[in-house]
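# Close look at the chain arrangement
So you can see what is in the structure, the chains are spelled out below.
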Amino acid sequence: MQDKSRIFMLFACCIPVLGARRSTICDLQRQTFRFIPNGLHEILTEHRGKTVAGIEAAYGHEYDAEIAEYFEFLIAHELGFWCDDPDCFPEIDLTWKAPERITNAILDVDAESRHDFDKILRELDDLGCKALQIRFYDAVGLAELERVLELARYGRLRSIDLLVRYSEEMAEVDLEPLLRKHGRLSSIVVHSAPEDRLKRLPSGALLSYRTKSVDSPHCCGEVHPRYFVTNIGCFSEAQKHNTCLNKKISVDTRGEIKNCPSLARSFGNIRTTSLHNALAHRDFRELWSINKDRIDVCRDCEFRYVCTDCRAYIAEPQNLYSKPSKCTYDPYTAAWRSA
Amino acid sequence: MILVLSQSSHELTTEEVMDWLEDLGLPCLRLNGEDLDADSSWSARVPGGDFEITLDGRTLKLAAGDIQAVWFRRWAHGRRDQPVELILDDSRERQEAQREISSHLDQEMARLSGYLFSQLHDAAWLSRPSITRLNKLEVLEEAARAGLEVPATLITTRKKHLEEFMRTHGGIITKSIGESRALHLGDYFHTMLTAEIGTDLIAQLPEDLFPSLFQEKLDKRYEIRAFYLAGELYSMAIFSQIDDQTRVDFRHYNNVKPNRVVPFKLPADIADRISRLMGALELETGSLDLVKTTDGRYVFLEVNPVGQFGMVSKPCNYHLEQRVAEILARKARHGNSPQPV
């Protein structure tokens, strides 16, 4: 028998998010989410802090059994607790902050590219950039990879992800030592490979071979649960910012500085200007503040704070606030359209 | 210039505070304890000389006059364990000699660090290293004086007294009187965490013990880790009691299903007493451990003057890394005078 004078509290790291058809509880600590019915979302938000008896009364005692069942479910999955001192347990502050002027960058390279890697890496370092993805669409030599990584050796970057085209030089015996030598290298993905193969090193670094070819930025922009990130950093950033483009800068294969290589607009060429100058342009940050709450359909989706966004490939190219075109989820039916 | 004293690895917090210092436009220099050992080249002339350190081919001068503030994050004088060449033949003697020499060299490095710190005496420090070694027993006395409840504690060499203590309190725990250490033996790290003591174990003990510390075992509702930072208190509740592995000491971490940790607001009277305690201990920073008991009492356990604040800052989204940078900036500008940021 439940004590009806008790108050149930969600752990502050478990945050309910309302969707059109169903809701989620996003567990920012254990980095996962659970589906809950919208009725339970209402109990957890509108009736937050009330006793069980108070909640039962609010629904005219019509759903006493369901309410008891809900709380059993939440306790069993360690999403909350019976709380004697609710004043001591504030909600988590979702303010997002970052000291870096740029947190992440994409650098695209093909056979025709003539990038000055030294200059680009120095400028990224000065902007405080922490994560860099370099995408080689065409074959690249091992010596060239080594040269680029050496340039990044003493900087402030925390992680480098490489995407390279398969060639004989991209064998496991050559790439593994590279991953071991450069602690900042978190992954190497080899595209257009003869077979799909995946290896995780003891350090956590990833070496992956994929048969799929990645020959242009058009391969990006996919929306899929495997790209969901449920943690406090991304969830809080998503409250007010774009989950892909915020504090991102990119240099495309021709050296054009953009928010993302897939977008058309350039803020100057890296040969004639600097990343700093491009960043100073008043329009450069325009897309950073397009959060999911401002995007059609996404704003009604229960995944909106754990999902990646894409502003390059959108459902209606003329409408900057339309949903990502590569997303196949419909929050109104709670179903993924099979591709 | 702000000097950051730290260690070379496992120090994300140091980097984050430095990023915030850069955001505030304050130049800073990081020196790791390991930078003073044989891998770098450096020299200092006494008296009154500046430190000259060459690292990765760059020479920098550490002149006391250029340093306005020092952040004492941590300091591992990590003399790497290269064995010294010895002429002794006997293997046991060799082992002993290695140990003695190693401890002597550690002491030499500690003296050297002490000299470096004293040369920087006039700078404003965020936690002076001289106060980072506290005596747990003195702290318990001081906490009780500040009005905080502390666990019943016995230090004894007599099994008889331990048995009496056990009878009075039902359950008891033991932990070290000083800092706990990790023993690295073979492939294993043996850590000295808090452990519960049962009657079976007590029965096996000799009549005379090495002086050991025992405390009543508290029935926890949850545990509280509070980070005190220049007058502000940032607390977190740890639900260690749902999981058997973490009931006695939450540092027996369950990595698969980590204990729930959430922002917590201590009642004002407890927060006041903590401020009084930190004032009495002359600490500007500290990580405090408390327990909320099942019968609703707040019991103070201990305070670590340096303390990991990342473990509170990250899950509670407190952004303490930025706050530390702001306080360092204030110190660099105004010295130690207590001005609000």
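The structure we're discussing is the one just above.
Here we come to the nonpolar core. Ranked by size, the top nonpolar core spans 66 residues in total, and within it A:Leu74, A:Phe89, B:Phe264, B:Ile274, B:Leu288 and B:Phe300 carry the most contacts. Not counting chain neighbours up to four residues away, the residues in contact with A:Phe89 comprise A:Met9, A:Arg48, A:Phe81, A:Cys83, B:Tyr222, B:Ala237, B:Phe239, B:Val262, B:Pro263 and B:Phe264. Counting residues in hydrophobic clusters, the runner-up holds 44 residues, among them A:Leu121, A:Leu149, A:Leu162 and A:Phe267.

This brings us to the packing of helix α1 (residues 12–23) of chain B against helix α8 (residues 320–334) of chain B. Residue and element names in this part refer to chain B. Contact geometry for α1 and α8: axes closest at 8 Å, N-to-C directions at 55 degrees. In terms of axis orientation, α1 runs oblique to α8. Considering only the axes of α1 and α8, their crossing is right-handed. Contacts between α1 and α8 involve Glu 16, Val 17, Trp 20 and Leu 21 on the former and, on the latter, Glu 321, Gln 322, Val 324, Ala 325 and Leu 328. Considered class by class, the residues forming the contact of α1 with α8 number 6 nonpolar, 1 polar and 2 charged.

Throughout the structure, instances matching the rule amount to 54 salt bridges over all chains. Between A:Arg156 and B:Asp19 there is a salt bridge, with its nearest N and O atoms 2.7 Å apart. Of the two residues, A:Arg156 sits in the loop between α5 (142–151) and β8 (159–165) while B:Asp19 sits in helix α1, which places them in two different chains. Judged by relative accessible area, A:Arg156 falls into the partly exposed class, the value being 22%. The closest approach of N and O atoms between B:Glu232 and B:Arg323, which form a salt bridge, is 2.6 Å. Here the residue B:Glu232 occupies a position in strand β15 (residues 232–239), and B:Arg323 occupies one in helix α8, the gap between them amounting to 91 residues. Since its relative accessible area comes to 22%, B:Glu232 is described here as partly exposed.

Across the boundary between the two partners, chain B contributes 31 residues, which contact 34 residues of chain A. Contact with chain A buries area across many residues of chain B, yet B:Asp19, B:Arg260 and B:Asn317 alone supply 27% of it, more than any other trio. One can count 9 salt bridges joining chain B with chain A. Between B:Arg260 and A:Asp27 there is a salt bridge, with the nearest N and O atoms lying 2.6 Å from each other. If you look at where chain B meets chain A, you find 18 residue pairs in polar contact (both at pLDDT 80 or more). Mapped onto the side of chain B that touches chain A, the elements with two or more residues apiece are α1, β14 (220–229), β15, β16 (260–264) and α7 (310–316) of chain B. Tallied by class, the residues present in the side of chain B that touches chain A amount to 15 nonpolar, 4 polar and 12 charged.

Going through the model one piece at a time under the given rule, you end up with 31 aromatic pairs over all chains. Ring centres of A:Phe11 and A:Phe81 lie 5.1 Å apart, and the angle between their planes is 20 degrees; on these two criteria the pair is classed as stacked. Placement of A:Phe11 in the loop between β1 (7–10) and β2 (14–17) and of A:Phe81 in strand β5 (residues 80–83) is noted, with a sequence separation of 70 residues between them. Grouped by ring-pair contacts, the aromatic residues A:Phe11, A:Phe81, A:Phe89, B:Tyr222, B:Phe239 and B:Phe264 constitute a single cluster. The ring centre of A:Trp82 lies 4.1 Å from the NZ or CZ of A:Arg6, which sits over that ring. Across the ring face of A:Tyr209, the terminal group of A:Arg197 is positioned such that the distance to the ring centre comes to 4.6 Å.

In this section: the sheet that holds strand β7 (residues 124–126) of chain B. All names here are of chain B. One open sheet holds the 4 strands; their spatial order is β2-β1-β6-β7, and the pairing between them is parallel. Each edge of the sheet is formed by a strand with only one pairing partner; in this case those strands are β2 (28–32) and β7. When strand polarity is set aside, the average angle formed by the axes of neighbouring strands in this sheet is 20 degrees. α1 contacts β1 (2–6), β2 and β6 (69–72) of the sheet and is inclined by roughly 165 degrees relative to β2.

With an omega dihedral of 5 degrees, the bond running from B:Val46 to B:Pro47 counts as a cis peptide bond. In this fold, B:Pro47 is placed in the loop between β3 (41–44) and β4 (51–55). Despite not being glycine, A:Ala334 shows a phi value in the positive range, around 55 degrees. Here A:Ala334 is to be found in the loop between β14 (329–330) and β15 (335–336). A positive phi angle, close to 45 degrees, is found at B:Ala230, a residue other than glycine.

Scoring rules and cut-offs
- Residues numbered from 1 in each chain as written.
- Chains lettered and ligands numbered in written order.
- Predicted model: local features only at pLDDT ≥ 70, side-chain atom pairs only at ≥ 80, totals over all residues.
- Heavy atoms only, no water.
- Core = buried A, V, L, I, M, F, W, Y, C linked by side-chain atoms within 4.5 Å.
- Buried < 20%, exposed > 50% of the residue type's maximum accessible area, 1.4 Å probe, protein only.
- Contact = heavy atoms within 4.5 Å.
- Axes fitted to C-alpha atoms, helices over the stretch in contact; angles between N-to-C directions.
- Helix = DSSP H or I, 4+ residues; strand = E, 2+ residues; numbered from the N terminus.
- Parallel < 35°, antiparallel > 145°, perpendicular 65-115°, else oblique.
- Left-handed = near helix turned anticlockwise from the far one by under 90°.
- Nonpolar A, V, L, I, M, F, W, Y, C, P; charged D, E, K, R; others polar.
- Salt bridge = Lys/Arg side-chain N within 4 Å of Asp/Glu carboxyl O.
- Buried area = accessible area lost by both parts, 1.4 Å probe.
- Polar contact = N/O pair within 3.5 Å; in protein donor to acceptor, adjacent residues only side chain to side chain.
- Phe/Tyr/Trp six-rings, centres within 6.5 Å; stacked < 30°, edge-to-face > 60°.
- Lys NZ or Arg CZ within 6 Å of the ring centre and 35° of its normal.
- Pairing = 2+ DSSP bridges.

Honestly, that's just the spatial picture; any functional story needs more than this.
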